[in-house]
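Structural overview
The chain contents come next:
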Amino acid sequence: FSDLNGVPMAVVERIEVLLDGASAIYGSDAIAGVINIITRDNFDGLEINVGYSNTTDNDMGTQRYSITGGTVSDKGNAWITFDYMQRNSVQMNDRDFSSSADQRANGGVDFRSKAGYPGSILILPGSKYSTEFTTPPDYYKIPAERRSEFLDMEIIGTPGVNLFDQNPWMNLTPEIERSGASGRVNYILNDYATAFVDTMHRKLKTHIQMAPTPAFGDINKNWGILPSSNHFNPFVISLSKTKKVEDVRDVGFNHRFVEIGPRIFDIESEVFRFLPGLKFNIGDSWQAETAILYNSVESVLFGRNFVSEDPFKEALASSDPATAYNIFGPGLGINSASVLDLLRVNTLRRAQSELRMFDVKAAGDLAELPGGTLALAVGVETAKEDVSDLSDSLSMANKIVGHGVTSNAGGRSRDAAYAEFMVPII
C-alpha cells in the first residue's frame, strides 16, 4: 500500500478524482475509479516555502519547510525537492470538551474506566462472597447473570465506586515529524520515446501517549486475584477474627499502574518508492507506456511503560515487603522503584510491506465512425506484494498486562490483462 503521509505537498501539481472506470489511463486497479495524485512535471527555477501555524490556544505549533529546484531543456526536464514538517502534540485536558472521560456534562455518558488507582475491591467482605460460600468461589464459574452481585468495585478506605479518568493522560493529537526527498527526471530519447524516473524517500515519526496500563482482575484469571500471601493484603487483620484466614484473604481487584507511568508509543516509518519507465508515441494517435514500480514501507513501533505479566504475578504473591506489589495503597511512591522496575517492560513491533509491479499499456484510435472515433485501450500487468507484521515474544505470548497483539506475514501475486473500447453511438 502507499501511505499518503509520505507524499510531500511541495511536489503535488493536482489531484484527479475519477468516479468510474479509468483502466485506460491507470491500469486494471482503476476499473471502479481512482484518486490520482499527479506530481509536477515541467518545473524550472527554485522555490522555497516556509510556513508556521498554531491554534488560538498557542499549543499546537506546526512548522513546514520545503525547497524545490528544477530545470527544463530541449532534451527533457528534472526536479528535486526536500521537505520537513513538525507538529507539537495536544493533550486531551488541553480542551474543555475532552478534558474528562465523564461526558455527562456534555450530554453524553461516563466513559471513565473501572480500573482505577488505588486499586478497587471486586468482592467485598459482607457480600455473598463471604456469606454464601465456605471457600472463595471461582469467579469464572459464577453464572454470568449473577456476576454483578460480586462486583462492588469500591476502594478501601474511601467508600464509593472507584473510576479512573484516562483523558488527562492521553493525546488529543500526537506529536509528528516528517522529512524526505523526492525527484523526477524526464529525458527525451528521440521523437518517439521518452524515459522517466520517479523516486521518493520519506521518514515519518509519531509520538503517542496513552493512559497507564489497566489491570482488570475480573476478566483475567491468570493474575486477577490478590493472594493471601501478599504482604500488603489488607484483609489479613480485618477479617481473620471472624472467619478462617484462608477463606477470606484472597480478593479480586481492578487496578491502574499509575506509578509505572503513561504508556508511550514511538512509531518510525520509512517509505521508499522507485519508478523507472518509458513512454512511446506510435503514429499519430497511439501512445504506449511501460514501467517498473518498487514501493516499500517499513515501520517500527516501540512501546514503553508496559507491565510484564509474570513479574506482576510474582509480586502479587510475595510476602516480602521489599518485593511485594501494593494494589490498594493510596498515593504515589507506595511501591518502591525496584519493584516497579521489575514490572516495567518495553514492547516492539516491526511491520513491512513491499510492492513490485511491471506493466505495459497502450491506447489510441482505431477508426472513424459516423458518431465519432472508435478508440481502444489495452494493457497487461503483473504484481507481487509481501507484508509482515511481527511483534516481540512477550506480546505474542500474551505476557503483557492489558496488551494483546497478533503477528502475521504473507504475500500475494496477481496478473491482469484488460481491454477497453470507446464506441461512439450518437
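Residues numbered from 1 in each chain as written. Predicted model: local features only at pLDDT ≥ 70, side-chain atom pairs only at ≥ 80, totals over all residues. Heavy atoms only, no water.

So, the nonpolar core
Put simply, the rule reads: What is meant by a nonpolar core is a set of buried Ala, Val, Leu, Ile, Met, Phe, Trp, Tyr and Cys residues, joined one to another through side-chain atoms within 4.5 Å. For every residue, the accessible area obtained with a 1.4 Å probe (protein chains only) is divided by the maximum for its type, and the residue is called buried under 20%, exposed over 50%, and partly exposed between those limits. Strands are runs of DSSP state E lasting at least 2 residues, helices are runs of H or I lasting at least 4, and numbering of each runs from the N terminus. Here, residues are in contact when the closest pair of their heavy atoms is within 4.5 Å.
Judged by nonpolar contacts, the single largest core of 19 residues is most densely connected at Phe253, Phe257, Phe312, Tyr325, Ile327 and Leu343. When residues of this core are traced back to their parent elements, those giving at least two are strand E15 (251-256), helix H5 (309-317) and helix H6 (337-343). Not counting residues up to four positions away in its chain, the partners in contact with Phe312 are Trp223, Phe253, Phe257, Val307, Tyr325, Ile327, Leu343 and Val401. One finds Leu275, Leu293, Leu355 and Ala383 within the second-largest nonpolar core, a separate group that totals 7 residues.

What about the sheet that holds strand E18 (residues 344-369)?
How we decide: Between any two strands, at least two bridges found by DSSP are needed for them to pair. Axis definition: a line fitted to C-alpha atoms, over the contacting stretch in the case of helices. Angles run 0 to 180 degrees between N-to-C directions.
Strand order in the open sheet formed by 10 strands is E3-E4-E5-E11-E12-E16-E17-E18-E19-E20, with antiparallel pairing between adjacent strands. Looking along the sheet, the strands with just one partner apiece sit at the ends: strand E3 (45-53) and strand E20 (408-422). The mean angle between the axes of side-by-side strands here comes to 5°, regardless of whether they run parallel or antiparallel. Both strand E17 (residues 286-307) and E18 contribute to a ladder of 19 bridges, which runs antiparallel. Its bridge partner being in E18, Thr290 is matched across the sheet by Val360.

Thoughts on the packing of aromatic side chains
Here is the rule: Think of it this way: a Phe, Tyr or Trp ring, Trp meaning its six-membered ring, pairs with another when their centres are within 6.5 Å, and the plane angle makes it stacked under 30 degrees, edge-to-face over 60, tilted otherwise. The rule is short: NZ of Lys or CZ of Arg within 6 Å of the ring centre and within 35 degrees of the ring normal puts a charge over the ring.
Scanning all chains against the criterion turns up 10 aromatic pairs. Both rings, one in Tyr65 and one in Tyr84, keep their centres 6.4 Å apart while their planes meet at 25°; by these two values the pair is stacked. With Tyr65 in strand E4 (residues 62-73) and Tyr84 in strand E5 (residues 76-87), this residue pair connects regions lying 19 residues apart in the sequence. Judged by centre distance (5.6 Å) and plane angle (70°), the ring pair of Phe265 and Phe306 falls under edge-to-face. Residue Phe265 is found in strand E16 (residues 263-282), and its partner Phe306 is found in strand E17; the two are separated by 41 residues along the sequence. The exposure classification of Phe265 matches that of Phe306, with both residues buried. What links up through ring pairs into an aromatic cluster is the set Trp223, Phe253, Phe257, Phe312 and Tyr325. Here the basic side chain of Lys279 rests over the ring of Phe196, its NZ or CZ set 5.7 Å away from the ring centre.

Let's talk about the pairing of E16
Note that strand E12 (residues 193-210) and E16 share 18 bridges and pair antiparallel. Each residue of the ladder has a partner; that of Thr194, found in E16, is Lys279. Two elements, E16 and E17, share 17 bridges in a ladder whose sense is antiparallel. The partner of Phe265 across the bridge, within E17, is Gly303. Connecting E16 to the antiparallel partner E17 that follows it, the hairpin turn spans 3 residues, and Gly283 within it adopts a positive phi of roughly 70°.

Observations concerning the pattern of salt bridges
Stated formally: Salt bridge criterion: a side-chain nitrogen from Lys or Arg within 4 Å of a carboxyl oxygen from Asp or Glu.
Considering all chains together, one arrives at 21 salt bridges under this definition. With a shortest N-O distance of 2.6 Å, Asp386 and Arg356 are connected by a salt bridge. Of the two residues, Asp386 is situated in strand E19 (residues 372-391) and Arg356 in strand E18; the sequence distance between them amounts to 30 residues. Classification of Asp386 by relative accessible area gives partly exposed; the value is 25%.

Notes on a nonpolar patch on the surface
Note the threshold: Put simply, a patch holds well-exposed residues, over 30% relative accessible area, that have no salt bridge, with like charges counted together within 9 Å and Val, Leu, Ile, Met, Phe, Trp or Tyr side chains within 5 Å. Residue exposure ignores everything except the shown protein chains as possible cover, and the areas themselves are Shrake-Rupley values with a 1.4 Å probe.
Among the surface-exposed residues, Leu46, Ile48, Val50, Tyr65, Ile67, Ile80 and Phe82 lie close enough to one another that they form a single nonpolar patch of about 700 Å² accessible area. Put simply, the parts of the chain that give the nonpolar patch at least two residues each are E3, E4 and E5. Ranked by residue count, the leading element in the nonpolar patch is E3, at 3 residues. Relative to the assigned elements, Val50 resides in strand E3.

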